[in-house]
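A closer look at the structure
Each chain is listed here by its residues.
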There are 4 protein chains.
Amino acid sequence: MLPHLKPGGEGLRTRLFQIIFESDTPMAKGFDIVLMALILASVAVVMLDSVPVWHAAYGPVFYWAEWGFTIVFTIELAVRVYCLERPWLYLKSFYGIVDILAILPTWLLLVIPGAQSLVMVRILRVLRIFRVLRLMQFVGEGRLLVEALKRSSHQILLFLFTVFMLVTIFGSLVYLIEPDDAGFTSIPRAVYWGIVTLTTVGYGDITPVTPLGQFVSMAVMLLGYSIIAVPTGVFSAEVIRSIRADRYSDEACPGCGYDRHEHKARYCLRCGTWLDEDTPDPRTQQDDAPDAEET
Amino acid sequence: MLPHLKPGGEGLRTRLFQIIFESDTPMAKGFDIVLMALILASVAVVMLDSVPVWHAAYGPVFYWAEWGFTIVFTIELAVRVYCLERPWLYLKSFYGIVDILAILPTWLLLVIPGAQSLVMVRILRVLRIFRVLRLMQFVGEGRLLVEALKRSSHQILLFLFTVFMLVTIFGSLVYLIEPDDAGFTSIPRAVYWGIVTLTTVGYGDITPVTPLGQFVSMAVMLLGYSIIAVPTGVFSAEVIRSIRADRYSDEACPGCGYDRHEHKARYCLRCGTWLDEDTPDPRTQQDDAPDAEET
Amino acid sequence: MLPHLKPGGEGLRTRLFQIIFESDTPMAKGFDIVLMALILASVAVVMLDSVPVWHAAYGPVFYWAEWGFTIVFTIELAVRVYCLERPWLYLKSFYGIVDILAILPTWLLLVIPGAQSLVMVRILRVLRIFRVLRLMQFVGEGRLLVEALKRSSHQILLFLFTVFMLVTIFGSLVYLIEPDDAGFTSIPRAVYWGIVTLTTVGYGDITPVTPLGQFVSMAVMLLGYSIIAVPTGVFSAEVIRSIRADRYSDEACPGCGYDRHEHKARYCLRCGTWLDEDTPDPRTQQDDAPDAEET
Amino acid sequence: MLPHLKPGGEGLRTRLFQIIFESDTPMAKGFDIVLMALILASVAVVMLDSVPVWHAAYGPVFYWAEWGFTIVFTIELAVRVYCLERPWLYLKSFYGIVDILAILPTWLLLVIPGAQSLVMVRILRVLRIFRVLRLMQFVGEGRLLVEALKRSSHQILLFLFTVFMLVTIFGSLVYLIEPDDAGFTSIPRAVYWGIVTLTTVGYGDITPVTPLGQFVSMAVMLLGYSIIAVPTGVFSAEVIRSIRADRYSDEACPGCGYDRHEHKARYCLRCGTWLDEDTPDPRTQQDDAPDAEET
């Protein structure tokens with residue numbers, strides 16, 4: 001999936017490369033499905049192990065399952081590295097880093113033993129769940145969406161910055177208006193309230209109690225309700241634009257170089273050059289069939 | 001409404017078929033309206049019966065009404081089966097299964113009596129409400145929407161998967177950050193909190209209490225507030241595309257095979273062939289009526 | 001604003017009609033602004049009077065202000081009726097009914113005195129606020145939006161019906177899953193919870209407590225988060241369509257009757273008839289300037 | 001950034017003007033980045049100082065940092081004023097007022113000393129955060145969005161007014177239905193509840209408890225869930241329109257004055273006039289190079 005990845009050498013390594021990194025043979029597809037199932041199972045084990053009741057009942061099972069998954073994923077990573085021409089290129093890529101982070105926490109348990117570190121390791125263990133990101137590889141469909149997101153990302157970032165600015169100002173305002181016991185104990189907390197309100201999440205853990213505070217809140221709510229239109233509008237426009245872009249061929253006219261003809265175009269719309277190189281230009285046969293031109 | 005359904009035989013069965021399965025005669029329209037009213041009434045009875053105060057006051061009335069509806073719907077299903085050529089085709093279809101599920105729970109009360117089973121039957125009884133799905137039959141308008149949904153379903157599923165992935169990662173993160181007494185007692189519960197937050201529902205039954213947890217929450221809220229743009233943008237584009245597609249005929253040009261002419265087109269835009277086969281091409285009459293071209 | 005309204009007779013009645021029902025003279029504009037201010041002031045008085053602190057302090061002031069507004073609006077309605085040719089046409093229209101409802105509650109206080117009726121009158125009094133609807137008259141801009149809403153209303157109603165059906169099924173499901181003390185005491189209450197959740201309002205007054213209930217809730221939330229795309233997409237498409245429709249003139253071609261030409265079109269795109277009737281067709285001057293045709 | 005601003009005089013003032021008000025030289029870009037960092041740091045200090053724990057630990061540090069920022073921003077404002085030809089024009093502009101408001105609260109502490117004023121000053125101090133608005137200057141990208149917002153602002157205001165009207169009516173209705181101890185103690189509070197519900201924020205601090213009240217709430221929620229489509233649809237259409245408008249040049253044809261040609265157009269689509277004035281019209285060279293036409 002990464003265009004710059006190449007198998008290192010012939011024979012076994014090339015075959016392993018085709019199974020692991022490509023997905024057009026039945027073998028490679030089978031590998032993908034098994035790997036996907038293993039990733040989901042390992043995430044499920046981490047999740048269930050965190051539920052006190054399940055941990056009490058099946059703790060040891062989860063522990064050994066965790067080790068099993070870690071060993072399998074470690075072997076898988078070793079094979080990936082083995083069959084590549086330039087393994088570092090993969091290890092430094094996003095998926096390589098995720099692969100390493102997915103197995104590191106469990107192995108670190110061996111190197112850094114002791115009671116205190118256990119809590120710390122729990123933090124790293126959660127990174128395990130990044131393994132799920134691997135699933136993204138299996139879905140090629142999302143490319144169009146990701147592209148539209150990328151093109152609108154600049155405007156959406158600007159939108160998020162504006163949101164943050166508005167929330168800072170309104171949060172500070174409500175912080176001054178509301179008494180401390182309403183939950184607005186500091187500006188950062190008031191900003192948190194502002195985001196909860198503007199994004200229309202509305203937990204209700206901090207709510208204004210004074211009429212003036214409620215009045216400002218209403219302004220924030222209506223603002224949040226209205227400006228949701230901005231990212232939606234920008235992204236809708238991008239998706240529509242990318243659908244429309246599909247209508248245009250990107251081959252340049254051999255006559256004048258113009259390169260935004262519709263797929264159905266047969267003559268260049270600027271200089272009139274015949275575009276379809278596989279069939280002869282009907283105009284050159286003009287003398288044989290002059291009435292065709294007349295229509 | 002199901003294109004493969006055919007009446008079995010002549011006479012009474014054909015007439016019943018036209019009343020029950022079609023809706024172009026006044027009789028059939030009357031049947032549809034009566035059935036719709038019965039379905040809504042039966043759902044209302046199940047709902048009201050679940051309210052303790054109403055159950056205490058009108059329990060027996062609801063009980064016999066329930067039996068009345070069940071008998072009527074059973075007769076209706078019997079007639080449907082009777083007038084069809086191949087009843088199994090209907091019974092195996094979505095609407096057939098819903099029809100059976102809608103009457104089964106009440107009949108099961110007879111077969112499996114006893115105090116304990118009453119609670120169990122309540123579960124089955126709720127399926128009764130699937131009867132409402134039948135109403136879908138009466139609305140033909142939704143077809144366009146359903147089609148646009150189908151075409152965008154692939155991208156929306158991908159979007160939901162991404163949402164679930166993000167929620168798993170962020171939920172685990174907040175599970176590690178927040179103390180247990182804030183409600184984040186396990187990763188699945190933290191994922192539940194993540195969905196409550198990302199979809200901007202925001203119950204407030206579980207909320208972060210630490211500054212770091214609130215900071216991560218703010219990221220989740222802003223994410224949820226922004227990426228709502230994705231399904232909306234995709235679906236908007238699909239609806240606009242389907243409106244635009246309406247502008248184009250899908251009949252191929254008899255001359256060159258090009259098949260994306262606007263409905264108003266009279267000549268093929270590629271080869272100039274006359275497209276409207278019902279009327280003669282004015283060009284062939286050019287010599288007889290040259291002034292027609294001049295207007 | 002209502003096209004069928006006509007002044008009754010000449011002189012004073014016509015002049016009053018122009019002031020009250022039209023808005024192109026300075027006098028009529030002044031009347032509109034004064035009326036708008038009076039309506040907003042009367043609504044403000046009703047609202048402030050409902051606040052206990054304000055009622056205690058200014059109760060009598062509000063009482064007489066209320067009577068003042070009622071008398072002014074009654075006189076205004078009388079004048080409206082006086083200057084119309086067919087007053088009943090207006091009184092039966094939407095704005096006529098709103099006008100009557102806006103003054104009725106206060107007058108009813110005289111006819112039906114007594115302590116008990118006071119509470120009842122409070123209900124009617126709120127209808128007073130419908131007076132605000134009158135403000136709609138002053139805003140002509142909304143016509144485009146209302147039209148787009150009307151054209152998409154059929155699909156949005158269908159959408160709302162689907163939402164209600166889904167909420168009924170999911171609500172019943174959660175009603176069966178959750179224990180009664182979680183707040184799911186009846187199916188209607190569970191449906192209320194379903195709407196609170198699906199629309200992403202999320203009060204948090206009723207929340208699922210069992211893992212299974214939370215799992216179903218997550219499905220409802222994700223559903224609500226995704227299908228918001230439907231009304232948004234439908235309405236976006238309608239607005240874009242109405243903007244595009246602006247591009248087309250609705251004047252029919254005098255040659256063939258085709259009526260969807262762009263405003264910039266000068267020749268009929270079907271039969272080639274010259275469309276701009278104010279200037280001569282350059283083709284009729286063809287003999288004088290043959291090179292113009294050649295470009 | 002403000003087109004009417006001009007440096008006052010030559011030499012130093014012009015050079016300072018270029019650094020402070022423009023951003024095309026490396027020096028000016030450096031100044032912008034340093035200023036942006038200072039603004040963010042000063043906002044961070046005000047925010048952290050409001051957290052009780054941080055104030056107790058670092059109160060004096062924050063106090064002197066505050067004074068440091070205030071002096072730096074005061075000098076900056078003085079230099080701005082010094083290098084302008086007409087300083088009042090800047091001071092009366094939006095950014096000028098924000099600049100003054102950003103430094104005023106701290107200076108006022110000197111003029112109006114005393115314990116009582118401290119609380120008052122806290123209110124003014126928050127205005128300090130308006131400094132963040134200055135950051136807007138650095139982002140030129142948002143212009144397109146702001147323009148689309150401006151064009152749709154009229155319709156969005158109308159939408160907000162409709163929302164407010166609906167909320168007033170529904171709020172009053174629920175105020176009458178619900179008992180006072182449910183939180184609906186006055187119509188303004190009920191309107192606050194209405195906005196919390198319609199915008200799908202849903203704090204849950206005031207919720208209906210009667211079945212009828214919950215029924216009306218459901219209507220408000222579904223309304224809020226549906227009409228969010230209005231601002232989104234309007235804004236989407238505006239963004240799409242502005243992207244499309246980009247395709248058209250606004251230069252009028254020298255022949256007929258038509259001014260909606262696509263950028264790629266070389267001949268006027270109405271009268272055939274050659275539009276590109278920098279290069280000669282190929283048609284005038286037709287006799288010299290007839291094969292150019294043939295390509």
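Residues numbered from 1 in each chain as written. Chains lettered and ligands numbered in written order. Predicted model: local features only at pLDDT ≥ 70, side-chain atom pairs only at ≥ 80, totals over all residues. Heavy atoms only, no water.

1. Concerning the overall build of chain A
- Secondary structure summary: chain A contains 11 helices and 0 strands in total.
- Listed by position from the N terminus, the elements making up chain A come as α-α-α-α-α-α-α-α-α-α-α.
- Relative to its full complement of 295 residues, chain A shows a buried share of 45%.
- As displayed, chain A offers around 15000 Å² of accessible surface, 66% of which is attributable to carbon and sulfur atoms. (Helix = DSSP H or I, 4+ residues; strand = E, 2+ residues; numbered from the N terminus. Buried < 20%, exposed > 50% of the residue type's maximum accessible area, 1.4 Å probe, protein only. Areas by Shrake-Rupley, 256 points an atom, 1.4 Å probe, with all protein chains shown as cover.)

2. A few points about the pattern of salt bridges
Residues and elements named next belong to chain C.
- In the structure shown here, the tally under the stated rule is 4 salt bridges over all chains.
- The closest approach of N and O atoms between Arg80 and Glu76, which form a salt bridge, is 2.6 Å. One end of the pair, Arg80, and the other, Glu76, are both in helix 3 (residues 52-83), 4 residues apart, so they sit about a helical turn from each other.
- Of the residues examined, Arg80 reaches a relative accessible area of 1% and is grouped as buried.
- The class for Glu76 is buried, based on a relative accessible area of 10%. (Salt bridge = Lys/Arg side-chain N within 4 Å of Asp/Glu carboxyl O.)

3. Overview of helix 5 (residues 94-111) of chain B
Residue and element names in this part refer to chain B.
- End to end, helix 5 covers 25 Å across 18 residues, agreeing with the expected 26 Å (1.5 Å per residue, within 8%).
- When the local axis directions of helix 5 are compared, the greatest deviation, roughly 40°, occurs at Leu104, which is followed within four positions by the proline Pro105.
- What helix 5 keeps buried is the set Tyr95, Gly96, Val98, Asp99, Ala102, Ile103, Pro105 and Thr106. (Expected span 1.5 Å × (residues − 1). Bend = angle between axes of the 7 residues up to and from the residue.)

4. So, the packing of aromatic side chains
- Here the structure, examined in full by the defined rule, presents 24 aromatic pairs over all chains.
- Ring plane angle 85° and centroid distance 5.0 Å describe the contact between Tyr63(C) and Trp64(C), whose orientation is recorded as edge-to-face.
- Three or more aromatic residues joined by ring pairs make a cluster, and in this case those are Trp54(A), Tyr58(A) and Phe62(A).
- The ring of Tyr82(C) is capped by Arg13(C), whose NZ or CZ atom sits 5.4 Å from the centre of that ring. (Phe/Tyr/Trp six-rings, centres within 6.5 Å; stacked < 30°, edge-to-face > 60°. Lys NZ or Arg CZ within 6 Å of the ring centre and 35° of its normal.)

5. A few points about the side chain of Gln214(B)
- Considering the arrangement of structural elements, one finds Gln214(B) in helix 9 (residues 211-227).
- Exposure remark for Gln214(B): the relative accessible area of 7% places this residue in the buried category.
- Separated by 3.4 Å, the side chain of Gln214(B) and the backbone oxygen of Pro208(B) make a polar contact.
- Setting aside residues no more than four positions away along its own chain, Gln214(B) makes contact with Arg189(A), Tyr192(A), Glu178(B), Pro208(B) and Val209(B). (Polar contact = N/O pair within 3.5 Å; in protein donor to acceptor, adjacent residues only side chain to side chain. Contact = heavy atoms within 4.5 Å.)

6. Re unusual backbone geometry
Residues and elements named next belong to chain B.
- In this structure, Thr200 takes a positive phi of about 60° despite not being glycine.
- Examined against the element boundaries, Thr200 turns out to sit in the loop between helix 8 (187-198) and helix 9.
- Assessed through its relative accessible area of 8%, Thr200 is described here as buried.

7. Structural notes on the confidence of the model for chain A
Residues and elements named next belong to chain A.
- In the predicted model, chain A carries a mean pLDDT of 74, and the fraction of residues at 70 or more is 68%.
- Overall, residues 114-123 carries pLDDT values under 50, and its contacts beyond four positions in sequence, including any with other chains, amount to 7 contacts.
- A low-confidence stretch, residues 286-295 stays under pLDDT 50, and its non-local contacts, those more than four residues away or across chains, total 3 contacts. (pLDDT = per-residue confidence, 0-100.)

8. Here's the deal with the packing of helix 9 (residues 211-227) of chain A against helix 8 (residues 187-198) of chain D
- At a minimum axis separation of 9 Å, helix 9 of chain A and helix 8 of chain D run at an interaxial angle of 25°. By the angle between their axes, helix 9 of chain A is roughly parallel relative to helix 8 of chain D. For the pair helix 9 of chain A and helix 8 of chain D, the crossing hand works out as left-handed. Listed contacts from helix 8 of chain D to Gln214(A), Ser217(A), Met218(A), Met221(A), Leu222(A) and Tyr225(A) of helix 9 of chain A are Arg189(D), Val191(D), Tyr192(D), Ile195(D), Val196(D) and Leu198(D).
- Considering only residue class, the contact of helix 9 of chain A with helix 8 of chain D consists of 9 nonpolar, 2 polar and 1 charged. (Axes fitted to C-alpha atoms, helices over the stretch in contact; angles between N-to-C directions. Parallel < 35°, antiparallel > 145°, perpendicular 65-115°, else oblique. Left-handed = near helix turned anticlockwise from the far one by under 90°. Nonpolar A, V, L, I, M, F, W, Y, C, P; charged D, E, K, R; others polar.)

9. A closer look at the packing of helix 2 (residues 26-49) of chain D against helix 3 (residues 52-83) of chain D
Residues and elements named next belong to chain D.
- For the pair helix 2 and helix 3, interaxial distance at closest approach is 9 Å and the crossing angle is 145°. The hand of the helix 2/helix 3 crossing is left-handed. Along its contact with helix 2, which presents Phe31, Leu35, Leu38, Ile39, Ala41, Ser42, Val45, Val46, Leu48 and Asp49, the element helix 3 presents Trp54, His55, Gly59, Phe62, Ala65, Glu66, Phe69, Val72, Phe73, Glu76 and Arg80.
- Considering only residue class, the contact of helix 2 with helix 3 consists of 14 nonpolar, 3 polar and 4 charged.

10. Points about the UniProt feature "transmembrane region" (unreviewed entry) in chain A
Residue and element names in this part refer to chain A.
- Within this numbering scheme, the UniProt entry marks residues 33-55, 61-82, 94-112, 156-177 and 215-237 as carrying the feature "transmembrane region" (unreviewed entry).
- As a span, residues 156-177 carries 100% helix and 0% strand, and end to end its C-alpha atoms are 31 Å apart.
- Between the end C-alpha atoms of residues 215-237 there is a gap of 34 Å, over a span that is 96% helix and 0% strand. (UniProt positions renumbered as here; feature names shortened; annotations may be inferred.)

11. Some details on helix 9 of chain B
Residue and element names in this part refer to chain B.
- With 17 residues, helix 9 ought to run about 24 Å at 1.5 Å a step, and its terminal C-alpha atoms sit 24 Å apart, in line with that.
- In terms of burial, helix 9 is largely enclosed, as 12 of its 17 residues are buried.
- Turning to helix 9, its buried residues are Gly213, Gln214, Val216, Ser217, Met218, Val220, Met221, Leu222, Gly224, Tyr225, Ser226 and Ile227.

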